[in-house]
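Chain residues, written in single-letter form:
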Amino acid sequence: MILRRVLPFAKELLEKVVESGGVAVDATVGNGHDTQFLAELVGENGLVYGFDIQEDAIEATRNRLRENGLDGRVRLFQQSHAKVTDCVDDKYHGSVQGSIFNLGYLPGSDKSVITKPASTLMAIEGLMEILMPGGLIVLVVYYGHEGGPDEKDSLMAFLHNMDQSKAQVLHYQFLNQKNNPPFVVAIEKK
Ligand code: SAM
């Protein structure tokens, strides 16, 4: 198939912007798949900041990184991504290359712990402050769960109103798939 599925598409976008020696943010580490991916992209001289509010997620991610020898290049915070500007060191403000969010709940875990509109939007606003020009925020939006449609609607309203002179915003979605398939949104800071 020529059209990439959403997860490979999201990764392909990040590969274009996150370079060896760079700084990236995983806003929702979960089991750490994307954290590992970003840690590999930044290489041994780069740095990844990872956020999750669940202890289990932080622990699972820490273990995954250790097993793959990547823990030295990742700083994990059991903290809301809404605090991203406080947690990313000041010296990197303006040079973060890319960030990923997977919205929704952690598969195999408590389905009531979900990303929420207010903190998601605060995190996006914070990241827009600390991204480099040309940097990307990529969101994979799962919204089939309870609370998911509310978050999707708030997010889409926010994105439609983003100032065109500050960012361009892409929406990538398959229209004929059943059962609320996830979609990607990418924000490129100008
Ligand atoms: N990318 C992950 C992976 O590779 O396994 C999956 C992420 S899962 C869909 C969403 C995660 O967001 C959950 O682990 C959840 O605990 C976390 N989360 C929810 N609210 C959050 C917040 N305010 N800040 C950071 N993480 C949050």
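Refer to the structure presented above.
Residues numbered from 1 in each chain as written. Predicted model: local features only at pLDDT ≥ 70, side-chain atom pairs only at ≥ 80, totals over all residues. Heavy atoms only, no water.

Caption draft 1: Local environment of the packing of aromatic side chains. Under the criterion given, the structure shown has six aromatic pairs. When the ring of Tyr49 is compared with that of Phe77, the centres are 6.2 Å apart and the planes differ by 20 degrees; the resulting orientation is stacked. Of this pair, Tyr49 sits in strand 2 (residues 47-52) while Phe77 is found in strand 3 (residues 74-78), placing the two residues 28 residues apart along the sequence. Residue Phe77 is classed as partly exposed on the basis of its relative accessible area, which comes to 21%. Ring geometry for Tyr172 and Phe174: centres 5.8 Å apart, planes at 75 degrees, overall edge-to-face. (Phe/Tyr/Trp six-rings, centres within 6.5 Å; stacked < 30°, edge-to-face > 60°. Helix = DSSP H or I, 4+ residues; strand = E, 2+ residues; numbered from the N terminus. Buried < 20%, exposed > 50% of the residue type's maximum accessible area, 1.4 Å probe, protein only.)

Caption draft 2: Looking closely at the site of the ligand. Lining the immediate surroundings of the ligand are 23 residues, of which Asn31, Asp52, Gln54, Ser80 and His81 lie closest. Measuring from a nitrogen atom of the ligand, one finds a backbone N or O atom of Thr28 at 3.2 Å. Separating an oxygen atom of the ligand from a backbone N or O atom of His33 is a distance of 3.2 Å. When the ligand is considered free in solution it has 610 Å² of accessible area, and contact with the protein chains removes 95% of it. Elements that contribute at least two residues to the shell around the ligand include exactly helix 2 (33-42) and strand 2. Residues of the shell around the ligand, tallied by class, amount to eight nonpolar, 13 polar and two charged. (Near = heavy atom within 4 Å. Polar contact = N/O pair within 3.5 Å; in protein donor to acceptor, adjacent residues only side chain to side chain. Areas by Shrake-Rupley, 256 points an atom, 1.4 Å probe, with all protein chains shown as cover. Nonpolar A, V, L, I, M, F, W, Y, C, P; charged D, E, K, R; others polar.)

Caption draft 3: Quick look at helix 6 (residues 148-160). The first and last C-alpha atoms of helix 6 sit 18 Å apart over 13 residues, in line with the 18 Å expected at 1.5 Å per residue. Within the span of helix 6, buried status applies to Gly148, Glu151, Leu155, Met156 and Leu159. Viewed end-on, helix 6 has its buried residues packed into an arc of 125 degrees, placing them on one side of the element. Of the exposed residues in helix 6, the ones pointing more than 90 degrees away from its buried face are Asp150 and His160. (Expected span 1.5 Å × (residues − 1). Arc of directions from axis to C-beta.)

Caption draft 4: Up close: the environment of Gly126. Inspection of the secondary structure assignment puts Gly126 in helix 5 (residues 117-130). Here Gly126 is in contact with Val84 and Thr85, once residues within four sequence places are set aside. (Contact = heavy atoms within 4.5 Å.)

Caption draft 5: View of the sheet that holds strand 2. Here seven strands make up an open sheet; going across it, the order is 3-2-1-4-5-7-6 and the pairing mixed. This sheet does not close on itself; its edge strands, each paired only once, are strand 3 and strand 6 (167-172). This sheet shows a mean twist of 15 degrees between the axes of neighbouring strands, independent of strand direction. Here strand 1 (residues 23-26) runs beside strand 2; their pairing, made up of four bridges, is parallel. Within strand 2, the position partnered with Val23 by the bridge is Leu47. Together, strand 1, strand 2, strand 3 and strand 4 (96-103) form the strand contacts of helix 2, whose direction differs from that of strand 1 by roughly 175 degrees. (Pairing = 2+ DSSP bridges. Axes fitted to C-alpha atoms, helices over the stretch in contact; angles between N-to-C directions.)

Caption draft 6: Region of the structure containing the side chain of His145. In this fold, His145 is placed in the loop between strand 5 (131-141) and helix 6. Assessed through its relative accessible area of 12%, His145 is described here as buried. His145 has contacts with Gly104, Tyr105 and Ile114, leaving out every residue within four places of it along the chain.

Without other data, these values stay purely geometric and don't point to any function.
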